[in-house]
There are 2 protein chains.
Amino acid sequence: MKLILDRDLCFFDIEATGLNVVRDRIVQIAIIKYFKDGREPQELSLMINPGIPISLEAILVHGIQPKDVANKPTFQQLAQKIWDFIGNADLAGYNSNRFDIPMLMEEFARVGMEFDVTKRRSIDVQRIFYKMEPRTLKAALKFYCEKEHEDAHDAMADVRATIDVFKGQLDKYEGVDYLDEDGVRVEAPIKNDVQVLHEFTNDNRFVDATQKLRADVNGDIVFNFGKYVGKPVGETLYEDRQYYNWILNKEFTSQVKQMVKKLVREYEKGLKAKEKENGNNE
Amino acid sequence: MKLILDRDLCFFDIEATGLNVVRDRIVQIAIIKYFKDGREPQELSLMINPGIPISLEAILVHGIQPKDVANKPTFQQLAQKIWDFIGNADLAGYNSNRFDIPMLMEEFARVGMEFDVTKRRSIDVQRIFYKMEPRTLKAALKFYCEKEHEDAHDAMADVRATIDVFKGQLDKYEGVDYLDEDGVRVEAPIKNDVQVLHEFTNDNRFVDATQKLRADVNGDIVFNFGKYVGKPVGETLYEDRQYYNWILNKEFTSQVKQMVKKLVREYEKGLKAKEKENGNNE
DNA sequence: TCATCG
């Protein structure tokens, strides 16, 4: 398979201190450059001192520890070298549209170099995967049951397909482990047990379907939108009744409204219980 | 494959007037109820008059036209029947966490019935698919190349894997059509051609990686966040310089800042050109 | 989050 190019093309990948493309920094970059004239591709691989801590999650992913980059050059010192190596090449990577390209742009911007991507093309290999291998109900039926979904989008036919898929999953994943997003192995999570599957398929970080509310690290329900993002719902809306009424009248799901009412009620109750206790103690 | 249940379990699916769980309405619901005592599952299938128009996109998906439901009962009239059929069962569906369950809750809420999901469990079959079949680089290498990705998250090993995957994709998808999100067939979009793949993997609706900006139906770049969501960036920030400065100083990617500056500059230029023209005409 | 749900 020979690539047909009218311009050089750089495949590249970044390892970083974390996932935030603005706040986090590069600790390793690797580039393989394909030339339009067809000559042998050229490689560049660099370790970089990020100048900020490497998050524990990131270390667990790529294994690069602070001591591994402590004596390496900074991005500032390597910027020109990377810039020249890439030249005016097009770019390619895995999930590079959302991660590698914007993070590289940030690094260049911080050292005063404007890495112009409007004049380059880019191929995100992950996007090809996502688009060409959809995960619709139809695709699921084919994947798990090797069946064509003939009457798709008739409600009863879809329910039947869903049940087939579900049974196929119980079968296929018997004894199969799950690797979670942090790479932690969960032993055989797919069991013929509703409680287990309820927990597995309901992301407890998000507590409502539209993801307007979520649980923070302490398990408190906080806003995931608007001016109070990250603030606890119960306390905040108890204080700001105007915002409370605004939410109840606005186009939020009844699930959100139900939860909001409940949280304020519970906060109020907790407050009264405390007051009473204080009164008793005096 | 026999389901082990400690409570009845309703698999269900909804066809609707559109995708918005708050604004849209159910036109068809199908439910298959499994009983904890193991007796034969029971089915319910209903056509419902939604009382609002069915969007064209929805009709193209499920084929249910206004005339098909014009003489059917409304949700109000069927609510009790659906409520009783489901009883206190647990729920299951395909993408039901994000679609079917919240939409059903909305319908019940509108007729004054609070369908309590905090006391039920739910299984989203799509979530099992997503979690057990991830689309990481490692998974891609296995899928396209039948290879194990041994040295995952070493940057150079990841670049090599990305190239392998990419070549595997060029191979696998030669002559394979793509069905886009509206079900429109695109003929063999995966070609050994950077320009073609650039267009295929870069969603032209979103113009920056963090999706803070996007193109509207006219192709104008508009805000996708904050108080000016949907408004044209250039004009809006030319008028509101304070917001402009706020963006440039806030934690947005350099890509966003670059675009914002460019859009304001262009708007200003267009304005001056118009003024000059008007001057000439007088 | 992304895609997927209609």
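Further up the page is the structure itself.
Small disclaimer: the values here were computed from a predicted structure and weren't measured.

What counts and what doesn't
Residues numbered from 1 in each chain as written. Chains lettered and ligands numbered in written order. Predicted model: local features only at pLDDT ≥ 70, side-chain atom pairs only at ≥ 80, totals over all residues. Heavy atoms only, no water. Phe/Tyr/Trp six-rings, centres within 6.5 Å; stacked < 30°, edge-to-face > 60°. Buried < 20%, exposed > 50% of the residue type's maximum accessible area, 1.4 Å probe, protein only. Lys NZ or Arg CZ within 6 Å of the ring centre and 35° of its normal. Pairing = 2+ DSSP bridges. Helix = DSSP H or I, 4+ residues; strand = E, 2+ residues; numbered from the N terminus. Axes fitted to C-alpha atoms, helices over the stretch in contact; angles between N-to-C directions. Near = heavy atom within 4 Å. Polar contact = N/O pair within 3.5 Å; in protein donor to acceptor, adjacent residues only side chain to side chain. Arc of directions from axis to C-beta. Least-squares fit on C-alpha atoms with pLDDT ≥ 70 in both. Contact = heavy atoms within 4.5 Å. Patch = residues over 30% accessible without salt bridge, like charges linked within 9 Å, V, L, I, M, F, W, Y side chains within 5 Å. Areas by Shrake-Rupley, 256 points an atom, 1.4 Å probe, with all protein chains shown as cover. Salt bridge = Lys/Arg side-chain N within 4 Å of Asp/Glu carboxyl O. Lys, Arg positive; Asp, Glu negative; His and termini not counted. Charge placed at Lys NZ, Arg CZ, Asp CG, Glu CD.

(A) Looking closely at the packing of aromatic side chains. Taken as a whole, this structure holds 38 aromatic pairs over all chains when the rule is applied. Considering the side-chain rings of B:Phe223 and B:Tyr228, the 6.0 Å spacing of their centres and the 35° angle between planes classify their relative orientation as tilted. Neither residue differs from the other here; B:Phe223 and B:Tyr228 are each classed as buried. What links up through ring pairs into an aromatic cluster is the set A:Phe223, A:Phe225, A:Tyr228, A:Tyr243, A:Trp246 and A:Phe252. Looking at B:Lys212, its charged tip hangs above the ring of B:Phe225, at a distance of 5.9 Å from the centre.

(B) Structural view of the sheet that holds strand S1 (residues 9-16) of chain B. All names here are of chain B. Here we have 5 strands laid out as an open sheet, ordered S3-S2-S1-S4-S5, and mixed in their pairing. Two strands lie at the open edges of the sheet, namely strand S3 (42-47) and strand S5 (122-124), each paired on one side alone. Between one strand and the next, the sheet's axes are offset by a mean angle of 20°, whatever the strand orientation. In terms of strand pairing, strand S2 (residues 26-34) meets S3 through 6 bridges, oriented antiparallel.

(C) Geometry of the protein's contact with DNA strand C. Surrounding DNA strand C, one finds 29 residues, the nearest of these being A:Arg98, A:Arg127, A:Arg135, A:His153 and B:His62. Within 4 Å of the protein, the contacting atoms of DNA strand C are drawn from sugar and phosphate to the extent of 62%. In the model, a phosphate oxygen of DNA strand C is placed 2.8 Å from a nitrogen or oxygen of the A:Leu137 main chain. B:Asn95 places a side-chain nitrogen or oxygen 2.7 Å from a sugar or linking oxygen of DNA strand C. Only helix H5 (125-132) of chain A together with S1, helix H1 (56-62) and helix H5 (125-132) of chain B provide two or more residues apiece to the surface near DNA strand C.

(D) Highlighting helix H10 (residues 241-249) of chain A. Residues and elements named next belong to chain A. For H10, the set of buried residues is Tyr243, Tyr244 and Ile247. With its buried residues spanning 105° around the axis, H10 presents them on a single face. Of the exposed residues in H10, the ones pointing more than 90 degrees away from its buried face are Gln242 and Asn249.

(E) View of the relation of the copies chain A and chain B. When chain A is fitted onto chain B, the two copies agree to an RMSD of 0.4 Å after a turn of 180° and an axial shift of 0.0 Å. The transformation relating the two chain copies, once decomposed into turn and shift, fits a two-fold axis. Closest to the rotation axis within chain A is the C-alpha of A:Gly226, separated from it by 4.1 Å. Most of the interface of chain A is mirrored in chain B, where 100% of its interface residues again form contacts.

(F) Layout of the environment of A:Met132. Residues and elements named next belong to chain A. For Met132, the position within the fold is in helix H5. The buried category is assigned to Met132, whose relative accessible area is 9%. Separated by 104 residues in sequence, Met132 and Gln28 have C-alpha atoms that sit 30 Å apart.

(G) Focus on the pairing of strand S2 (residues 26-34) of chain A. Residues and elements named next belong to chain A. Where burial is concerned, most of S2 is hidden: 9 out of the 9 residues are buried. Where strand S1 (residues 9-16) and S2 come together, 8 bridges link them in antiparallel fashion. Its bridge partner lying in S2, Leu9 is registered against Tyr34.

(H) A positive patch on the surface, seen in detail. Residues A:Lys261, A:Lys262, A:Arg265 and A:Lys269 make up a contiguous surface patch of positive charge. Tracing the chain through its elements places A:Lys262 in helix H11 (residues 254-281).

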